[in-house]
Amino acid sequence: MDTRLFEGREHAAFYQKYRFSPQENVQASVFSYLEKKGASFQLAVDVGCGSGQSTKMLAKRFEEVVGMDISEAQIEEAKQASHPSNISYLVCPAEEPPFEDNSVDLITAFAAAHWFNTPIFMREVDRVLKPSGCVVLCSYTTGMQLHYEDRTEKLMEIFAEMRDLIYMYADEKIKIVVNDYQEIFDSLPFPDKESIPLLSRINTVDKVPMSIGDLMGYIESLSPYQTFLRVQPDAAKSRLQKTAERVLEAMGVSSRETSLELRVRYVCILGCKSS
Ligand SMILES: C[S@@+](CC[C@H](N)C(=O)[O-])C[C@H]1O[C@@H](n2cnc3c(N)ncnc32)[C@H](O)[C@@H]1O
């Protein structure tokens, strides 16, 4: 069965506000892979699209883009946010994409594929992709770094403590992310993934500038934090507050608007269906 997280209205709103889109070098890697594979750019489907962070990047190249997500609240957020007119959104599980056989040029999932029922999803990817169609399954990993002047070490210590605490509340599926999507890579039923190892599986480091307030919002949007909050609301809120205070102190600043840099490591699985 799929894992039902991220579905509450409040969580979806956090998501819309604080989650970042795939950054420039991830986008560049995806599009250079598609060029290399001679992809056609008619229909792209972004599965587990959340509130549309990852869907929008596809709209500049594809004629038509469909974002689908199992969560009504996420799709509602996506529809309400401004988006290009060639994107449409629908509520639908990854395991039941409503597309004809051999009809889709690209399937993507960003920070989402680990939540799906992998065998059923992979079977559907194989069914709906056109011959030579591509699939891109990316996620940021738990390997993140915080940078601010010479305070990186202290900030990393604070961040690691918070991460280790909230990951005690993480779903089993997070192990797939911790293992750098090896399970997803192994399950992808296209031999092509092995013929281009450098592009089939890449790790990139992206830079995301954000304020301390945004960083706290990002932590709040993480599913393990939301579980922590549900199970122990007072402890979760006070721990988050304490973390914000420690970050301010470590940076030697008093405003939550101060920017620091979050560096994000991605894992990205790329594959191409046989022609
Ligand atoms: C971490 S969010 C990623 C959202 C967005 N792609 C991004 O890059 O930020 C994961 C999304 O996957 C969705 N999801 C989880 N299981 C799903 C499933 N079986 N079918 C479709 N969507 C699913 C959740 O509702 C959630 O919106």
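Refer to the structure printed above.
Keep in mind that what you see is a predicted model, and the values were worked out from it rather than measured. (Residues numbered from 1 in each chain as written. Predicted model: local features only at pLDDT ≥ 70, side-chain atom pairs only at ≥ 80, totals over all residues. Heavy atoms only, no water.)

Engineer: An account of the environment of Glu245 is requested, with residue identities and associated values reported.
Structural biologist: You can see Glu245 is positioned in helix 13 (residues 233–251). Here Glu245 falls in the partly exposed class, since its relative accessible area comes to 39%. Remark: the alpha-carbon pair of Glu245 and Arg256, spanning eleven residues in sequence, is separated by 9.5 Å. (Helix = DSSP H or I, 4+ residues; strand = E, 2+ residues; numbered from the N terminus. Buried < 20%, exposed > 50% of the residue type's maximum accessible area, 1.4 Å probe, protein only.)

Engineer: Help me get a handle on the state of the cysteines, residues and values and all.
Structural biologist: Using the criterion set out here, one finds one disulfide in the structure. Covalent S-S linkage joins Cys138 and Cys268, the inter-sulfur distance amounting to 2.1 Å. With Cys138 in strand 5 (residues 129–147) and Cys268 in strand 7 (residues 259–272), this pair connects stretches of sequence that are 130 residues apart. For the pair formed by Cys138 and Cys268, the shared burial category is buried. (Disulfide = S-S within 2.5 Å.)

Engineer: How would you sum up the pairing of strand 1 (residues 43–47)? Please name residues and give values.
Structural biologist: Of all five residues in strand 1, five are buried, a share of seventy percent or more. Here strand 1 shows a buried face lined by Leu43, Val45 and Val47 and a second buried face lined by Ala44 and Asp46. Pairing analysis gives five bridges linking strand 1 to strand 2 (residues 64–69), with the strands arranged parallel. Residue pairing across strands places Asp46 opposite Gly67, the latter belonging to strand 2. Relative to strand 4 (residues 104–110), strand 1 is paired through three bridges, and the arrangement is parallel. (Pairing = 2+ DSSP bridges.)

Engineer: Give me the lowdown on helix 11 (residues 212–221), citing residues and values where you can.
Structural biologist: Counted residue by residue, helix 11 has seven buried out of ten residues, so it is predominantly covered. For helix 11, every residue scored as buried is listed here: Ile212, Leu215, Met216, Gly217, Tyr218, Ile219 and Ser221.

Engineer: Break down unusual backbone geometry for me, with residues and values.
Structural biologist: Backbone geometry places Asn102, a non-glycine residue, at a positive phi of 55°. For Asn102, the position within the fold is in the loop between strand 3 (87–91) and strand 4. Backbone geometry at Asp180 places phi at a positive 55°, although glycine is not the residue there.

Engineer: I'd like a rundown of the packing of aromatic side chains, residues and numbers included.
Structural biologist: This structure, assessed with the given rule, holds five aromatic pairs. Centroid distance Phe41 to Phe62: 4.9 Å. Interplanar angle 50°. Geometry classified as tilted. Residue Phe41 is located in the loop between helix 2 (24–36) and strand 1, and its partner Phe62 is located in the loop between helix 3 (56–59) and strand 2; the two are separated by 21 residues in the primary sequence. The interplanar angle of 65° and the centroid separation of 4.8 Å between the aromatic rings of Phe116 and Phe121 together place this pair among those described as edge-to-face. Considered together, Phe116 and Phe121 belong to a single accessibility category, that of buried residues. One aromatic cluster is present, built from ring pairs that chain together Tyr169, Tyr225 and Phe228. The ring of Phe41 has Arg61 lying over it, and the distance from NZ or CZ to the ring centre is 4.6 Å. Residue placement shows Lys193 over the ring face of Phe185; its charged tip is 4.8 Å from the ring centre. (Phe/Tyr/Trp six-rings, centres within 6.5 Å; stacked < 30°, edge-to-face > 60°. Lys NZ or Arg CZ within 6 Å of the ring centre and 35° of its normal.)

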